[in-house]
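Structure at a glance
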Amino acid sequence: MNDLIIKNIKSLILPKKSDGPLKGAEMDELEIIDDAMIVVDDGKVVYAGETSDEYDASEVVDAGGRVASPALVEPHTHVVHGGSREHEMALKRQGVDYLKILEQGGGILNTVEQTRKATFDELLEKASTNITRMIQHGVLTVESKSGYGLDRENELKQLKVSKALEEKFPIVMRHTYLGPHAIPKGRNADEFMDEMIALLDEAKDYADFADVFTETGVFTVEQSRKYMEAAREKGFRVKIHADEIDPLGGLELAIEQDAVSADHLVAASEEGKKQLAESDTVAVLLPGTTFYLGKEKYADARGMIDGGGAVSLATDYNPGSCVTDNLQMIMAIAALKLKMTPNEIWNAVTVNAAHAIDAPDRGTLEVGDAADIVIWDAPNHEYIPYHYGVNHAYQVFADGRLLYE
Ligand code: NIG
Ligand code: FE
(Lines give C-alpha, C1' and ligand atoms only; values in the text may rest on other atoms or scores of the structure.)
(Ligands and ions follow the chains in the order given, each with its own letter.)
Protein backbone atom coordinates (compact mmCIF):
# COMPACT_ATOMS: atom_id res chain seq x y z
CA MET A 1 0.00 0.00 0.00
CA ASN A 2 1.45 3.36 -1.06
CA ASP A 3 0.76 6.76 0.50
CA LEU A 4 -0.70 8.64 -2.46
CA ILE A 5 -1.97 8.22 -6.00
CA ILE A 6 -2.63 11.24 -8.20
CA LYS A 7 -4.88 9.91 -10.96
CA ASN A 8 -6.70 11.25 -13.99
CA ILE A 9 -3.82 13.41 -15.24
CA LYS A 10 -4.54 14.44 -18.82
CA SER A 11 -0.91 15.34 -19.62
CA LEU A 12 2.03 14.45 -17.42
CA ILE A 13 5.15 16.51 -18.12
CA LEU A 14 8.29 14.43 -17.59
CA PRO A 15 11.65 16.18 -18.10
CA LYS A 16 14.45 13.73 -18.76
CA LYS A 17 16.79 13.03 -15.88
CA SER A 18 20.47 13.07 -16.67
CA ASP A 19 23.80 13.50 -14.88
CA GLY A 20 24.28 16.96 -16.30
CA PRO A 21 21.97 19.66 -17.65
CA LEU A 22 20.13 19.11 -20.95
CA LYS A 23 22.06 20.84 -23.70
CA GLY A 24 21.35 22.04 -27.22
CA ALA A 25 18.70 20.10 -29.13
CA GLU A 26 18.09 17.87 -26.08
CA MET A 27 16.41 20.87 -24.48
CA ASP A 28 13.53 20.53 -26.92
CA GLU A 29 12.88 16.93 -25.89
CA LEU A 30 10.17 16.53 -23.31
CA GLU A 31 8.14 13.43 -22.60
CA ILE A 32 4.42 14.15 -22.25
CA ILE A 33 2.29 11.21 -21.18
CA ASP A 34 -1.44 11.36 -21.85
CA ASP A 35 -3.85 9.74 -19.39
CA ALA A 36 -1.30 9.33 -16.63
CA MET A 37 -0.91 8.84 -12.91
CA ILE A 38 1.73 9.38 -10.21
CA VAL A 39 2.26 7.07 -7.24
CA VAL A 40 4.05 8.30 -4.13
CA ASP A 41 5.36 6.56 -1.06
CA ASP A 42 7.32 8.06 1.78
CA GLY A 43 7.63 11.40 -0.03
CA LYS A 44 9.23 9.82 -3.10
CA VAL A 45 8.01 8.94 -6.56
CA VAL A 46 7.25 5.23 -6.91
CA TYR A 47 5.72 5.48 -10.37
CA ALA A 48 4.97 8.25 -12.89
CA GLY A 49 3.50 7.14 -16.19
CA GLU A 50 0.48 5.79 -17.98
CA THR A 51 -2.57 4.96 -15.89
CA SER A 52 -2.24 1.49 -14.44
CA ASP A 53 -4.34 -0.52 -11.97
CA GLU A 54 -1.32 -2.16 -10.40
CA TYR A 55 -1.06 0.38 -7.59
CA ASP A 56 -2.95 1.00 -4.38
CA ALA A 57 -2.68 3.90 -1.96
CA SER A 58 -4.27 5.13 1.23
CA GLU A 59 -5.07 8.49 -0.41
CA VAL A 60 -6.22 9.06 -3.98
CA VAL A 61 -6.31 12.54 -5.53
CA ASP A 62 -8.24 13.05 -8.76
CA ALA A 63 -6.44 15.59 -10.95
CA GLY A 64 -9.66 16.08 -12.90
CA GLY A 65 -8.03 15.77 -16.31
CA ARG A 66 -5.51 18.53 -15.63
CA VAL A 67 -1.78 18.82 -16.42
CA ALA A 68 0.87 17.70 -13.90
CA SER A 69 4.60 18.32 -13.73
CA PRO A 70 7.50 18.31 -11.30
CA ALA A 71 7.38 21.42 -9.11
CA LEU A 72 9.30 24.33 -10.61
CA VAL A 73 12.85 25.11 -9.52
CA GLU A 74 13.84 28.77 -9.07
CA PRO A 75 17.65 29.01 -9.47
CA HIS A 76 18.32 32.74 -8.90
CA THR A 77 16.68 35.07 -6.36
CA HIS A 78 17.57 37.86 -3.96
CA VAL A 79 14.52 37.04 -1.85
CA VAL A 80 16.06 38.18 1.46
CA HIS A 81 16.28 41.97 1.55
CA GLY A 82 14.87 45.00 3.33
CA GLY A 83 12.50 47.58 1.86
CA SER A 84 11.59 48.30 -1.73
CA ARG A 85 12.53 50.77 -4.48
CA GLU A 86 9.35 51.80 -6.25
CA HIS A 87 10.67 55.40 -6.39
CA GLU A 88 13.21 54.20 -8.99
CA MET A 89 10.42 53.77 -11.51
CA ALA A 90 10.17 57.56 -11.78
CA LEU A 91 13.92 57.79 -12.42
CA LYS A 92 13.61 55.09 -15.07
CA ARG A 93 10.78 57.04 -16.69
CA GLN A 94 13.11 60.01 -16.91
CA GLY A 95 15.65 57.82 -18.65
CA VAL A 96 18.12 57.38 -15.78
CA ASP A 97 20.03 54.18 -16.40
CA TYR A 98 20.30 51.25 -13.90
CA LEU A 99 24.08 51.59 -13.44
CA LYS A 100 23.78 55.39 -13.15
CA ILE A 101 21.35 54.99 -10.23
CA LEU A 102 23.87 52.68 -8.55
CA GLU A 103 26.75 55.10 -9.24
CA GLN A 104 24.76 57.82 -7.48
CA GLY A 105 24.48 55.67 -4.36
CA GLY A 106 20.99 54.34 -5.08
CA GLY A 107 20.00 51.01 -6.56
CA ILE A 108 21.64 48.08 -4.78
CA LEU A 109 23.19 50.49 -2.24
CA ASN A 110 19.74 51.80 -1.31
CA THR A 111 18.61 48.24 -0.56
CA VAL A 112 21.83 47.69 1.42
CA GLU A 113 20.83 50.56 3.71
CA GLN A 114 17.33 49.16 4.17
CA THR A 115 18.64 45.63 4.74
CA ARG A 116 21.15 46.78 7.35
CA LYS A 117 18.36 48.56 9.24
CA ALA A 118 16.06 45.54 9.20
CA THR A 119 16.17 43.00 12.03
CA PHE A 120 16.49 39.26 11.44
CA ASP A 121 12.80 38.82 12.21
CA GLU A 122 11.74 41.60 9.87
CA LEU A 123 13.76 40.13 7.02
CA LEU A 124 12.38 36.67 7.74
CA GLU A 125 8.81 37.89 7.76
CA LYS A 126 9.19 39.84 4.54
CA ALA A 127 10.92 37.00 2.67
CA SER A 128 8.31 34.55 3.98
CA THR A 129 5.63 36.46 2.08
CA ASN A 130 7.59 35.98 -1.14
CA ILE A 131 8.38 32.32 -0.49
CA THR A 132 4.69 31.70 0.19
CA ARG A 133 3.86 33.33 -3.12
CA MET A 134 6.50 31.27 -4.93
CA ILE A 135 5.04 28.08 -3.48
CA GLN A 136 1.56 29.14 -4.57
CA HIS A 137 2.98 29.61 -8.07
CA GLY A 138 4.36 26.07 -8.16
CA VAL A 139 7.97 26.56 -7.01
CA LEU A 140 9.36 24.23 -4.31
CA THR A 141 13.11 24.67 -4.75
CA VAL A 142 14.62 28.13 -4.35
CA GLU A 143 18.10 29.59 -4.52
CA SER A 144 18.62 32.66 -2.33
CA LYS A 145 21.52 35.11 -2.27
CA SER A 146 22.99 37.50 0.25
CA GLY A 147 24.59 40.66 -1.15
CA TYR A 148 22.66 43.47 0.52
CA GLY A 149 24.80 43.48 3.65
CA LEU A 150 28.26 44.23 2.25
CA ASP A 151 29.73 43.80 5.73
CA ARG A 152 30.29 40.84 8.02
CA GLU A 153 27.31 41.36 10.30
CA ASN A 154 24.74 41.97 7.60
CA GLU A 155 25.93 39.42 5.03
CA LEU A 156 25.77 36.73 7.73
CA LYS A 157 22.39 38.05 8.90
CA GLN A 158 21.00 37.61 5.39
CA LEU A 159 22.44 34.10 5.06
CA LYS A 160 20.97 33.11 8.43
CA VAL A 161 17.55 34.39 7.35
CA SER A 162 17.89 32.35 4.17
CA LYS A 163 18.64 29.24 6.24
CA ALA A 164 15.69 30.00 8.51
CA LEU A 165 13.37 30.07 5.49
CA GLU A 166 14.38 26.53 4.68
CA GLU A 167 13.51 25.48 8.24
CA LYS A 168 10.19 27.30 8.12
CA PHE A 169 8.88 26.01 4.77
CA PRO A 170 8.76 22.47 3.35
CA ILE A 171 10.94 23.47 0.43
CA VAL A 172 14.50 22.81 -0.63
CA MET A 173 16.85 25.78 -0.79
CA ARG A 174 20.35 26.58 -1.93
CA HIS A 175 22.09 29.52 -0.29
CA THR A 176 24.56 31.77 -2.02
CA TYR A 177 27.07 34.20 -0.55
CA LEU A 178 27.15 37.32 -2.75
CA GLY A 179 29.42 39.61 -0.68
CA PRO A 180 30.87 41.31 -3.78
CA HIS A 181 27.52 42.58 -5.09
CA ALA A 182 28.35 46.32 -5.08
CA ILE A 183 31.07 48.64 -3.80
CA PRO A 184 30.01 50.67 -0.74
CA LYS A 185 30.25 54.44 -1.28
CA GLY A 186 33.75 55.78 -0.85
CA ARG A 187 35.40 52.35 -0.67
CA ASN A 188 38.28 51.14 -2.80
CA ALA A 189 37.13 48.18 -4.91
CA ASP A 190 40.25 46.05 -4.38
CA GLU A 191 40.27 46.57 -0.64
CA PHE A 192 36.56 45.90 -0.38
CA MET A 193 36.91 42.74 -2.47
CA ASP A 194 39.64 41.50 -0.11
CA GLU A 195 37.28 42.10 2.80
CA MET A 196 34.57 40.02 1.10
CA ILE A 197 37.12 37.29 0.33
CA ALA A 198 38.06 37.22 4.01
CA LEU A 199 34.41 36.50 4.84
CA LEU A 200 34.29 33.35 2.69
CA ASP A 201 35.30 31.14 5.62
CA GLU A 202 32.39 32.20 7.80
CA ALA A 203 29.97 32.32 4.88
CA LYS A 204 30.83 28.66 4.22
CA ASP A 205 28.89 27.70 7.36
CA TYR A 206 25.69 28.84 5.64
CA ALA A 207 26.23 29.04 1.90
CA ASP A 208 26.51 26.45 -0.87
CA PHE A 209 27.73 28.82 -3.57
CA ALA A 210 29.75 32.02 -3.91
CA ASP A 211 28.56 34.64 -6.40
CA VAL A 212 29.89 37.99 -7.69
CA PHE A 213 28.52 40.90 -9.76
CA THR A 214 31.01 41.39 -12.61
CA GLU A 215 30.00 44.59 -14.39
CA THR A 216 31.19 48.04 -15.42
CA GLY A 217 31.45 50.17 -12.28
CA VAL A 218 31.14 47.13 -10.03
CA PHE A 219 33.81 44.36 -10.12
CA THR A 220 36.25 43.70 -12.95
CA VAL A 221 36.98 40.29 -14.42
CA GLU A 222 40.34 40.28 -12.60
CA GLN A 223 38.79 41.07 -9.22
CA SER A 224 36.09 38.49 -9.85
CA ARG A 225 38.65 35.84 -10.81
CA LYS A 226 40.55 36.42 -7.58
CA TYR A 227 37.33 35.99 -5.61
CA MET A 228 36.25 32.87 -7.48
CA GLU A 229 39.64 31.24 -7.05
CA ALA A 230 39.59 31.97 -3.31
CA ALA A 231 36.03 30.64 -3.04
CA ARG A 232 36.87 27.42 -4.88
CA GLU A 233 39.85 26.86 -2.61
CA LYS A 234 37.45 26.98 0.32
CA GLY A 235 35.21 24.37 -1.30
CA PHE A 236 32.51 26.58 -2.84
CA ARG A 237 31.18 26.09 -6.31
CA VAL A 238 30.88 29.48 -7.93
CA LYS A 239 28.22 31.50 -9.73
CA ILE A 240 28.49 34.86 -11.45
CA HIS A 241 26.28 37.80 -12.46
CA ALA A 242 27.93 38.10 -15.87
CA ASP A 243 27.63 40.24 -19.00
CA GLU A 244 24.31 41.69 -17.90
CA ILE A 245 24.88 45.14 -19.35
CA ASP A 246 28.40 45.28 -20.81
CA PRO A 247 30.31 42.45 -22.53
CA LEU A 248 33.21 42.05 -20.10
CA GLY A 249 33.93 38.36 -20.67
CA GLY A 250 32.06 37.17 -17.59
CA LEU A 251 30.78 34.06 -19.35
CA GLU A 252 34.32 33.03 -20.34
CA LEU A 253 35.42 33.58 -16.73
CA ALA A 254 32.55 31.42 -15.48
CA ILE A 255 33.58 28.55 -17.71
CA GLU A 256 37.25 28.92 -16.82
CA GLN A 257 36.23 28.67 -13.14
CA ASP A 258 33.91 25.70 -13.74
CA ALA A 259 30.98 27.76 -12.44
CA VAL A 260 27.80 25.84 -11.71
CA SER A 261 25.98 28.66 -13.51
CA ALA A 262 26.58 31.95 -15.31
CA ASP A 263 23.61 34.27 -14.94
CA HIS A 264 22.14 37.15 -17.03
CA LEU A 265 24.40 36.94 -20.16
CA VAL A 266 22.49 39.54 -22.19
CA ALA A 267 25.79 40.90 -23.55
CA ALA A 268 27.69 37.57 -23.65
CA SER A 269 30.23 37.27 -26.48
CA GLU A 270 30.06 34.79 -29.35
CA GLU A 271 33.26 33.21 -28.03
CA GLY A 272 31.66 32.80 -24.59
CA LYS A 273 28.59 31.15 -26.11
CA LYS A 274 30.82 28.75 -28.03
CA GLN A 275 32.63 27.81 -24.82
CA LEU A 276 29.29 27.37 -23.04
CA ALA A 277 28.44 24.49 -25.35
CA GLU A 278 31.68 22.71 -24.38
CA SER A 279 31.04 23.11 -20.66
CA ASP A 280 28.56 21.91 -18.04
CA THR A 281 27.98 25.44 -16.79
CA VAL A 282 24.30 26.33 -17.02
CA ALA A 283 23.35 29.70 -18.53
CA VAL A 284 20.66 31.05 -16.17
CA LEU A 285 18.77 33.64 -18.21
CA LEU A 286 16.74 36.31 -16.42
CA PRO A 287 14.54 37.93 -19.07
CA GLY A 288 12.35 39.53 -16.40
CA THR A 289 15.24 41.94 -15.74
CA THR A 290 15.45 42.99 -19.40
CA PHE A 291 11.69 43.49 -19.35
CA TYR A 292 11.72 45.47 -16.11
CA LEU A 293 14.76 47.60 -17.04
CA GLY A 294 12.99 48.45 -20.30
CA LYS A 295 15.78 47.29 -22.59
CA GLU A 296 15.31 46.16 -26.16
CA LYS A 297 17.96 43.48 -26.31
CA TYR A 298 17.28 40.16 -24.59
CA ALA A 299 19.82 37.38 -23.94
CA ASP A 300 20.51 35.27 -27.00
CA ALA A 301 18.81 32.12 -25.76
CA ARG A 302 18.37 30.79 -29.30
CA GLY A 303 22.08 31.22 -30.06
CA MET A 304 23.03 29.48 -26.81
CA ILE A 305 20.66 26.54 -27.28
CA ASP A 306 21.19 26.16 -31.03
CA GLY A 307 24.94 26.33 -30.38
CA GLY A 308 24.68 23.39 -27.96
CA GLY A 309 24.59 25.09 -24.56
CA ALA A 310 22.44 24.44 -21.46
CA VAL A 311 19.92 27.14 -20.57
CA SER A 312 17.80 27.67 -17.48
CA LEU A 313 15.41 30.46 -16.48
CA ALA A 314 14.81 32.32 -13.22
CA THR A 315 12.99 35.39 -11.94
CA ASP A 316 16.06 36.99 -10.27
CA TYR A 317 13.41 38.30 -7.85
CA ASN A 318 14.94 41.44 -6.29
CA PRO A 319 13.76 45.00 -5.52
CA GLY A 320 15.67 46.72 -8.34
CA SER A 321 15.91 44.81 -11.60
CA CYS A 322 13.05 42.29 -11.52
CA VAL A 323 10.25 42.76 -9.07
CA THR A 324 8.26 39.59 -9.57
CA ASP A 325 8.34 36.31 -7.71
CA ASN A 326 6.16 34.62 -10.34
CA LEU A 327 8.28 32.20 -12.38
CA GLN A 328 5.30 31.47 -14.67
CA MET A 329 5.55 35.09 -15.85
CA ILE A 330 9.19 34.48 -16.78
CA MET A 331 8.10 31.40 -18.76
CA ALA A 332 5.86 33.70 -20.80
CA ILE A 333 8.61 36.27 -21.39
CA ALA A 334 10.93 33.44 -22.46
CA ALA A 335 8.37 32.29 -25.02
CA LEU A 336 7.78 35.79 -26.37
CA LYS A 337 11.20 37.43 -26.15
CA LEU A 338 13.75 34.62 -25.96
CA LYS A 339 11.94 32.62 -28.66
CA MET A 340 12.23 29.46 -26.62
CA THR A 341 9.88 26.58 -27.37
CA PRO A 342 7.45 25.32 -24.70
CA ASN A 343 9.55 22.16 -24.28
CA GLU A 344 12.74 24.19 -23.81
CA ILE A 345 10.97 26.42 -21.30
CA TRP A 346 9.72 23.49 -19.22
CA ASN A 347 13.17 21.90 -19.17
CA ALA A 348 14.67 25.29 -18.27
CA VAL A 349 12.50 25.70 -15.14
CA THR A 350 12.76 22.10 -13.96
CA VAL A 351 15.70 19.79 -14.74
CA ASN A 352 18.15 22.46 -15.93
CA ALA A 353 17.27 24.78 -13.07
CA ALA A 354 17.99 21.90 -10.67
CA HIS A 355 21.42 21.42 -12.27
CA ALA A 356 22.08 25.18 -12.05
CA ILE A 357 21.87 24.89 -8.25
CA ASP A 358 23.04 21.31 -7.80
CA ALA A 359 19.72 19.87 -6.58
CA PRO A 360 19.76 16.56 -8.48
CA ASP A 361 16.59 14.98 -7.06
CA ARG A 362 14.39 17.98 -7.95
CA GLY A 363 12.94 19.02 -11.29
CA THR A 364 12.25 15.46 -12.49
CA LEU A 365 9.81 12.71 -11.45
CA GLU A 366 11.92 9.57 -11.86
CA VAL A 367 11.43 6.72 -9.43
CA GLY A 368 13.13 7.78 -6.20
CA ASP A 369 12.93 11.52 -6.86
CA ALA A 370 11.25 13.78 -4.33
CA ALA A 371 7.48 13.87 -4.97
CA ASP A 372 7.38 17.65 -5.51
CA ILE A 373 4.44 17.88 -7.90
CA VAL A 374 2.24 20.60 -9.33
CA ILE A 375 -1.18 20.07 -10.86
CA TRP A 376 -1.86 22.87 -13.34
CA ASP A 377 -5.33 24.07 -14.20
CA ALA A 378 -4.54 24.14 -17.91
CA PRO A 379 -5.51 22.05 -20.92
CA ASN A 380 -1.92 21.32 -21.99
CA HIS A 381 1.69 22.23 -21.20
CA GLU A 382 1.91 24.97 -23.87
CA TYR A 383 -0.94 26.82 -22.20
CA ILE A 384 1.03 27.95 -19.15
CA PRO A 385 3.52 30.29 -20.92
CA TYR A 386 0.73 31.32 -23.29
CA HIS A 387 -1.86 32.63 -20.83
CA TYR A 388 0.46 35.01 -19.03
CA GLY A 389 0.31 37.07 -15.86
CA VAL A 390 -1.96 34.74 -13.89
CA ASN A 391 -1.33 31.76 -11.67
CA HIS A 392 -2.15 28.37 -13.20
CA ALA A 393 -0.96 26.24 -10.23
CA TYR A 394 -4.00 24.33 -8.96
CA GLN A 395 -2.48 22.06 -6.33
CA VAL A 396 1.10 21.90 -5.07
CA PHE A 397 2.49 18.77 -3.35
CA ALA A 398 5.77 18.96 -1.44
CA ASP A 399 7.34 15.54 -0.80
CA GLY A 400 3.96 14.00 -1.58
CA ARG A 401 1.96 16.16 0.83
CA LEU A 402 -0.60 18.69 -0.35
CA LEU A 403 0.79 22.10 0.54
CA TYR A 404 -1.37 24.53 -1.41
CA GLU A 405 -4.59 24.46 -3.40
O1 NIG B 1 20.74 40.18 -10.53
N2 NIG B 1 22.63 42.80 -11.21
C3 NIG B 1 22.91 42.68 -10.02
N4 NIG B 1 22.13 42.25 -9.03
C5 NIG B 1 20.75 42.05 -9.13
C6 NIG B 1 19.97 43.30 -8.97
C7 NIG B 1 20.03 43.83 -7.61
C8 NIG B 1 19.29 45.12 -7.36
O9 NIG B 1 19.11 45.97 -8.25
O10 NIG B 1 18.93 45.30 -6.20
C11 NIG B 1 20.43 41.35 -10.43
O12 NIG B 1 19.89 41.95 -11.37
FE1 FE C 1 20.64 38.58 -9.48
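The shown structure was predicted, so the numbers you read here are calculated from the model rather than taken from an experiment.

1. A word on the confidence of the model for the chain
Across the chain, the average pLDDT comes to 97, with 100% of residues at or above 70. Our summary of model confidence lists the complex with pTM equal to 0.98 and ipTM equal to 0.98.

2. Looking at the environment of R116
When you line up the elements, R116 lands in helix α3 (residues 108-117). Put simply, R116 and E202 are 86 residues apart on the chain and 18 Å apart in space, counted from C-alpha to C-alpha. With residues up to four places along the chain from it excluded, the contact list for R116 reads G149 and N154.

3. A closer look at the site of ligand 1
What surrounds ligand 1 is a group of 13 residues, the closest being I108, D316, N318, G320 and S321. Of the residues that constitute the shell around ligand 1, the class distribution is three nonpolar, eight polar and two charged.

4. Comments concerning the domain arrangement of the chain
Segmenting the chain into domains produces domain 1 (2-71 + 362-404) and domain 2 (73-356). For domain 1 versus domain 2, the distance between C-alpha centres works out to 28 Å. Contact residues are listed per partner, giving 35 residues for domain 1 and 38 residues for domain 2. Listed by contribution, the elements that provide at least two residues to the side of domain 1 that touches domain 2 are β4 (57-70), α16 (383-386), β15 (393-398) and β16 (401-404). Looking at which element gives the most residues to the side of domain 1 that touches domain 2, the answer is β15, with three residues.

5. Here we look at the UniProt feature "binding site: Fe(3+)" (unreviewed entry) in the chain
Here the UniProt feature "binding site: Fe(3+)" (unreviewed entry) sits at H76, H78, H241 and D316. Taken together, the annotated residues stretch across 241 residues yet fold into one region, lying no more than 12.2 Å apart by C-alpha. Position of H78 among the secondary structure elements: in the loop between β5 (72-74) and α1 (88-93). Dropping the residues within four chain positions of it, H78 is found in contact with K145, G147, Y317 and N318. Structurally, the position occupied by D316 is in the loop between β13 (310-313) and α13 (327-337). Accessibility expressed as a C-beta count within 10 Å gives 28 for D316, which makes it buried. Dropping the residues within four chain positions of it, D316 is found in contact with H76, T77, L286, G288, T289, S321 and C322.

6. Remarks on the packing of helix α4 (residues 120-136) against helix α5 (residues 152-168)
In contact at an axis separation of 9 Å, α4 and α5 are set at 50° when each is read in the N-to-C sense. Comparing their axes, α5 and α4 come out oblique. In the packing of α4 onto α5, the handedness of the crossing is right-handed. Of the residues in α5, those touching α4 at F120, L123, L124, A127, S128 and I131 are K157, Q158, K160, V161, A164, L165 and K168. Tallied by class, residues from the contact of α4 with α5 come to eight nonpolar, two polar and three charged.

7. A look at the sheet that holds strand β2 (residues 31-41)
Strand order in the open sheet made by the seven strands is β3-β2-β1-β4-β14-β15-β16, with mixed pairing throughout. Every interior strand has two partners, whereas the edge strands, β3 (44-50) and β16, have only one. Ignoring which end each strand starts from, the neighbouring axes of this sheet average 30° apart. Note that β15 and β16 share three bridges and pair antiparallel. Each bridged residue has a counterpart across the sheet, and for F397 the counterpart in β16 is L402.

The rules we used
Residues numbered from 1 in each chain as written. Chains lettered and ligands numbered in written order. Predicted model: local features only at pLDDT ≥ 70, side-chain atom pairs only at ≥ 80, totals over all residues. pLDDT = per-residue confidence, 0-100. Helix = DSSP H or I, 4+ residues; strand = E, 2+ residues; numbered from the N terminus. Contact = placed C-beta atoms within 7 Å. Near = placed C-beta within 6 Å. Nonpolar A, V, L, I, M, F, W, Y, C, P; charged D, E, K, R; others polar. Domains from an automatic or database assignment. UniProt positions renumbered as here; feature names shortened; annotations may be inferred. Buried ≥ 20, exposed ≤ 12 C-beta atoms within 10 Å, placed from the backbone. Axes fitted to C-alpha atoms, helices over the stretch in contact; angles between N-to-C directions. Parallel < 35°, antiparallel > 145°, perpendicular 65-115°, else oblique. Left-handed = near helix turned anticlockwise from the far one by under 90°. Pairing = 2+ DSSP bridges.

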